[in-house]
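# Overview (structure and organization)
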Amino acid sequence: MRKGFWWATFGYAIVTMVIAMPWHFVWFHDLYAQLGIYNRQAPIIPLGMFSMVIQGLILAYLYPFFYKAGHPVIQGIKFGLLMGLYLYSVSTVANAAKIMVTSIPTWLGIQALFHTVQFVLAGAVIGLAYRRMGKHGV
């Protein structure tokens, strides 16, 4: 595997962790509590981090198939938003259908905002990790 793959994998995981932890546990903690969507008293942080690494591995693997040419940050953001929409449908929309949440519009809105921020930044990092693809191949 090339360095870009590993930089993209861990870049995604780090960016996601840096955004997700304060987002869910500090900034919007009370809102999520009101929504009733997260009901585990003590989240299992290592399991969440493991999930981020798995996501990072998959995104790092898929990005070279998506890359067309162009500025690495712009290409990464496009890829990130596409993958973010996919993850949003799995982690947010599907959960709204299966789990009792006090306000589906609020849940969908706050998660849309979260996934947009997460995947714009993570996509940019993935694009930068693979920035030499256009010149030197994968």
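### Overview of the overall build of the protein
Of the regular secondary structure elements, the protein holds six helices and zero strands. Ordered by position from the N terminus, the helices and strands of the protein form the series α-α-α-α-α-α. In summary, the protein has a C-alpha radius of gyration of 16 Å against a globular reference of 14 Å for 138 residues, a match within 12%. For the C-alpha atoms alone, the extent of the protein along its principal axes is close to 50 × 25 × 25 Å. Taking all 138 residues of the protein together, 36% fall into the buried category. Within the protein, contacts between residues at least 6 apart in sequence are counted, and of these 75% link residues at least 24 apart.

### Here we look at a nonpolar patch on the surface
On the surface, Ile44, Leu47, Phe50, Ile54, Ile58, Tyr61, Leu62 and Phe65 cluster together into a nonpolar patch covering about 800 Å² of accessible area. Among the structural elements, Ile58 can be located in helix 3 (residues 45–66). Of the residues examined, Ile58 reaches a relative accessible area of 46% and is grouped as partly exposed.

### Let's talk about unusual backbone geometry
With the exception of glycine, the majority of residues adopt a negative phi angle, and the majority of peptide bonds are in the trans configuration. With a phi close to 130°, Ala69 is a non-glycine residue in the positive phi region. Topologically, Ala69 is positioned in the loop between helix 3 and helix 4 (72–98).

### Some words on the packing of helix 1 (residues 3–27) against helix 3
Running from amino to carboxyl end, helix 1 crosses helix 3 at an angle of 140°, the nearest separation of the two axes being 8 Å. Relative to helix 3, the element helix 1 lies oblique. Pair helix 1 / helix 3 crosses with right-handed handedness. Between helix 1, through Phe5, Trp6, Ala8, Thr9, Tyr12, Ala13, Thr16, Met17, Met21 and Phe25, and helix 3, the contact on the second element is made entirely by Ile45, Met49, Met52, Val53, Gln55, Gly56, Leu57, Leu59, Ala60 and Tyr61.

### Thoughts on the environment of Ser103
Relative to the helices and strands, Ser103 is located in the loop between helix 4 and helix 5 (104–129). Sequence-wise, Ser103 and Tyr88 are 15 residues apart; in three dimensions their C-alpha atoms are separated by 17 Å.

### What to know about the nonpolar core
Membership of the largest hydrophobic core comes to 26 residues, with the highest contact counts inside it found for Tyr12, Tyr32, Leu59, Trp107, Ile126 and Tyr130. Of all elements in the fold, only helix 1, helix 2 (29–35), helix 3, helix 4 and helix 5 reach the threshold of two or more residues within this core. Ranked by residue count, the leading element in this core is helix 1, at seven residues. Among residues more than four places away in sequence, those in contact with Tyr12 are Met52, Gln55, Gly56, Leu59, Leu87, Gln118, Phe119, Ala122, Val125 and Ile126.

### Some remarks on the packing of aromatic side chains
Following the criterion strictly, the structure yields 14 aromatic pairs and no others. Consider the rings of Tyr38 and Trp107, whose centres lie 5.9 Å apart with planes at 80°: the pair is edge-to-face. In this pair, Tyr38 is assigned in the loop between helix 2 and helix 3 and Trp107 in helix 5, connecting sequence segments 69 residues apart. According to the relative accessible area criterion, Tyr38 is partly exposed, its value standing at 43%. Under the relative-accessibility criterion, Trp107 is labelled buried at 1%. Consider the rings of Tyr63 and Phe79, whose centres lie 5.1 Å apart with planes at 75°: the pair is edge-to-face. Here Phe79 lies in helix 4 and Tyr63 lies in helix 3, a separation of 16 residues in the sequence. Here Tyr63 and Phe79 have matching classes, each one buried. Ring-pair connections join several aromatic residues into one group, and the members of that group are Tyr63, Phe66, Tyr67, Phe79 and Tyr130.

About the cut-offs
Residues numbered from 1 in each chain as written. Predicted model: local features only at pLDDT ≥ 70, side-chain atom pairs only at ≥ 80, totals over all residues. Heavy atoms only, no water. Helix = DSSP H or I, 4+ residues; strand = E, 2+ residues; numbered from the N terminus. Rg over C-alpha atoms; globule rule 2.2 N^0.38 Å. Buried < 20%, exposed > 50% of the residue type's maximum accessible area, 1.4 Å probe, protein only. Contact = heavy atoms within 4.5 Å. Patch = residues over 30% accessible without salt bridge, like charges linked within 9 Å, V, L, I, M, F, W, Y side chains within 5 Å. Areas by Shrake-Rupley, 256 points an atom, 1.4 Å probe, with all protein chains shown as cover. Salt bridge = Lys/Arg side-chain N within 4 Å of Asp/Glu carboxyl O. Axes fitted to C-alpha atoms, helices over the stretch in contact; angles between N-to-C directions. Parallel < 35°, antiparallel > 145°, perpendicular 65-115°, else oblique. Left-handed = near helix turned anticlockwise from the far one by under 90°. Core = buried A, V, L, I, M, F, W, Y, C linked by side-chain atoms within 4.5 Å. Phe/Tyr/Trp six-rings, centres within 6.5 Å; stacked < 30°, edge-to-face > 60°.

Everything listed here is a matter of geometry and, on its own, says nothing about what the molecule does.
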